[in-house]
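This is what each chain is made of:
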Amino acid sequence: MAFSQLKSYTEEDYYSLPENVRAELVDGQIYYMAAPSRIHQEILNFLNIEISLYIRSKKGTCKVYPAPFAVKLFADNDKTIVEPDITVICDPKKLTDRGCTGAPDWIIEIISPSTASYDYIRKLNLYADAGVKEYWIVNPVEKSVYVYFLEQDRFRAVCYSFQDNVKVNIYKDLWIDFKEFLF
């Protein structure tokens, strides 16, 4: 008995999608993404501004990119391209005209109920394998922020609430006060 085979997609297929289609390519499979909610966008805007202002005040060289922004996590793998909600890249050699090639320093995902397991499990493992230094999962429903940061070769996790001042581990002196985020 023959089993049906899933089609395996590549970077070329991903970049051939229409411009108005948001999707990610993970292990050769395309995952389409729905439009984000209003609260999702408010959180994204709050974090993007806080991070950008910090980098500017320090005259830093890191760059902040809100979605949609293509991240090819592995230079030698044309079957995985993600679009994190916020991406921070401190190595300018990783930036290309199409986005980023290689592991960013910091990725933030703002989850919705429909993407929770994808962000908590699949992307967590994918980002750890790629060598992302810090990964945040912001959950608007639970009002929580899970911070994963690399210590040697594995992620360490700390959970915060929207009542906390959250430490950014890739910087020595950056804390984001979620109490300032009003919704």
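Structure first, text after, so check above.
Since the model is a prediction, treat every value here as computed from it, not as a measurement. (Residues numbered from 1 in each chain as written. Predicted model: local features only at pLDDT ≥ 70, side-chain atom pairs only at ≥ 80, totals over all residues. Heavy atoms only, no water.)

1. Structural notes on the sheet that holds strand β10 (residues 144-151)
Stage number 1. Taken in spatial order, the six strands of this open sheet run β3-β5-β8-β9-β10-β11, and their pairing is mixed. Among the strands making up the open sheet, the edge pair consists of β3 (63-66) and β11 (154-161). Going from strand to strand, the sheet's axes swing by 15° on average, the running direction of each strand aside.
Stage number 2. The sheet contact formed by β10 and β11 spans eight bridges and is antiparallel. Pairing of Phe149 across the sheet is with Arg156, part of β11.
Stage number 3. In the packing of helix α3 (residues 116-130) onto the sheet, the strands contacted are β8 (106-110), β9 (134-139), β10 and β11, and the crossing angle to β9 comes to about 165°. (Pairing = 2+ DSSP bridges. Helix = DSSP H or I, 4+ residues; strand = E, 2+ residues; numbered from the N terminus. Axes fitted to C-alpha atoms, helices over the stretch in contact; angles between N-to-C directions. Contact = heavy atoms within 4.5 Å.)

2. A short note on the environment of Lys179
Stage number 1. Positionally, Lys179 belongs in the segment after β13 (175-177).
Stage number 2. Note: C-alpha distance between Lys179 and Thr10 (169 residues apart in sequence) is 42 Å.
Stage number 3. Setting aside residues no more than four positions away along its own chain, Lys179 makes contact with Phe162, Gln163 and Asp164.
Stage number 4. In terms of polar contacts, Lys179 uses its side chain to reach the backbone carbonyl oxygen of Gln163, at 3.3 Å. (Polar contact = N/O pair within 3.5 Å; in protein donor to acceptor, adjacent residues only side chain to side chain.)

3. Considerations on the side chain of Glu24
Stage number 1. Looking at the element boundaries, Glu24 is found in strand β1 (residues 23-26).
Stage number 2. At 3.0 Å, the side chain of Glu24 and the side chain of Tyr118 are in polar contact.
Stage number 3. In this structure the side chain of Glu24 is engaged in a polar contact, spanning 2.8 Å, whose partner is the side chain of Lys123.
Stage number 4. Aside from chain neighbours lying at most four places away, what touches Glu24 is Tyr14, Gln29, Ile30, Tyr31, Met33, Ile81, Val82, Glu83, Pro84, Tyr118 and Lys123.

4. A short note on the environment of Leu47
Stage number 1. Within the element layout of this structure, Leu47 appears in helix α2 (residues 38-57).
Stage number 2. Overall, the relative accessible area of 0% leaves Leu47 in the buried class. (Buried < 20%, exposed > 50% of the residue type's maximum accessible area, 1.4 Å probe, protein only.)

5. A look at the nonpolar core
In globular proteins that are soluble, nonpolar side chains generally tend to be buried together.
Stage number 1. Grouped together as the largest cluster of nonpolar side chains are 29 residues, with contacts concentrated most on Leu47, Ile51, Trp136 and Ile176.
Stage number 2. Per element, the largest residue contribution to this core is eight residues, and it comes from α2.
Stage number 3. Filtering out sequence-adjacent residues up to four positions away, Ile176 remains in contact with Phe46, Leu47, Glu50, Ile51, Trp106, Trp136, Asp164, Asn165, Val166 and Val168.
Stage number 4. Counting 20 residues, the second largest nonpolar core, distinct from the first, contains Cys100, Ala103, Tyr118 and Val132. (Core = buried A, V, L, I, M, F, W, Y, C linked by side-chain atoms within 4.5 Å.)

6. Remarks on the sheet that holds strand β7 (residues 99-101)
Stage number 1. As summarised here, the arrangement of the three strands in space is β4-β7-β6, forming an open sheet in which the pairing is mixed. Of all the strands in the sheet, the pair left with one neighbour each is β4 (70-72) and β6 (95-96).
Stage number 2. With three bridges connecting them, β4 and β7 associate as parallel partners. Across the sheet, Val71 pairs through a bridge with Cys100, a residue of β7.

This is a description of form; function is not addressed.
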